[in-house]
Amino acid sequence: QVQLVESGGGLVQPGGSLRLSCAASGFTFTIYAMGWYRQAPGKERELVAAISSGGASRNYADSAKGRFTISRDNAKNTVYLQMNSLKPEDTAVYFCSAINSLGRGRYWGQGTQVTVSS
């Protein structure tokens, strides 16, 4: 069975940091680009960061540039999102997804809550 399991979310103060992890199994992780998405209450889900299958290409939403870093370890079937200088507007449920060749999410994790508040 396909599984994408996010971890690392929690409550942090503004300016703090978190590292999210997504452990994948049940599909060929190494051929998929991977993405981190987030969804805040009442808002549409948005792509925060994406990384190509080999890790050579990365893309970020404007709101994440300079603060977030996406990476992957294909030997561990894991993708990460390092989040620094967190702001209250980063509060959301964060999801990881395996992205197919058409740029569409094929598999999704259950999400992990990130709350940035003082």
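Higher on the page you've got the structure.
My aim in this report is to walk through the structure given alongside it, one point at a time. Counting from 1, residues in each chain are numbered in the order their sequence is written. For this predicted model, a pLDDT threshold of at least 70 governs which residues receive local features, and a threshold of 80 or more governs which side-chain atom pairs are given and counted, while totals over whole chains, interfaces and linings are taken from all residues. No hydrogens and no water enter the side-chain calculation; it runs on all heavy atoms of the structure.

### Observations regarding the state of the cysteines
Any covalent bond linking the sulfur atoms of two cysteines counts as a disulfide. Note on terminology: pairs of cysteine sulfur atoms within 2.5 Å are recorded as disulfides. Enumeration according to the criterion identifies one disulfide in this entry. What pairs with cysteine 22 in a disulfide is cysteine 96, and their sulfur atoms sit 1.9 Å apart. Of note, the bridge from cysteine 22 to cysteine 96 carries an S-S torsion of about 45 degrees and is right-handed in sense. Of the two residues, cysteine 22 sits in strand β3 (residues 18-25) while cysteine 96 sits in strand β9 (residues 92-99), which places them 74 residues apart along the sequence. Buried residues are those whose accessible area, probed at 1.4 Å on protein chains only, stays under 20% of the maximum for their type, while exposed residues exceed 50% and partly exposed ones sit between those limits. The exposure class of cysteine 22 is buried, given its relative accessible area of 0%. In this description a helix means any DSSP run of H or I spanning at least four residues, a strand means any run of E spanning at least two, and both kinds are numbered starting from the N terminus.

### Considerations on the pattern of salt bridges
Any Lys or Arg side-chain nitrogen located within 4 Å of an Asp or Glu carboxyl oxygen qualifies as a salt bridge. Applying the stated criterion across every chain yields a total of five salt bridges. Among the ionic pairs, arginine 38 bridges to glutamate 46, the shortest N-O distance being 2.8 Å. The closest approach of N and O atoms between lysine 65 and aspartate 62, which form a salt bridge, is 3.1 Å. Connected through shared salt-bridge partners, Arg38, Glu46, Arg67 and Asp90 make up one network.

### Considering the packing of aromatic side chains
Any two aromatic rings considered together are summarised by their centre-to-centre distance and by the angle between their planes. Note on aromatic contacts: the rings of Phe and Tyr and the six-membered ring of Trp form a pair at centre separations within 6.5 Å, being stacked when their planes are under 30 degrees apart, edge-to-face when over 60 apart, and tilted otherwise. What the rule picks out here adds up to five aromatic pairs. Pairing phenylalanine 27 with phenylalanine 29 gives two aromatic rings, centres 6.5 Å apart and planes at 55 degrees, and the pair type is tilted. By relative accessible area, which is 13% here, phenylalanine 27 ends up buried. For the ring pair phenylalanine 27 and tyrosine 107, a centre distance of 4.9 Å and an interplane angle of 40 degrees mean the geometry is tilted. Residue phenylalanine 27 is located in the loop between β3 and β4 (33-39), and its partner tyrosine 107 is located in strand β10 (residues 105-108); the two are separated by 80 residues in the primary sequence. Considered together, phenylalanine 27 and tyrosine 107 belong to a single accessibility category, that of buried residues. By the ring-pair criterion, three or more aromatic residues cluster together here, those being Phe27, Phe29, Tyr32 and Tyr107. The positively charged end of arginine 45 is found above the aromatic ring belonging to tyrosine 37, 5.8 Å away from the centroid. We count a charge as sitting over a ring when the NZ of a lysine or the CZ of an arginine lies within 6 Å of the ring centre and within 35 degrees of the ring normal.

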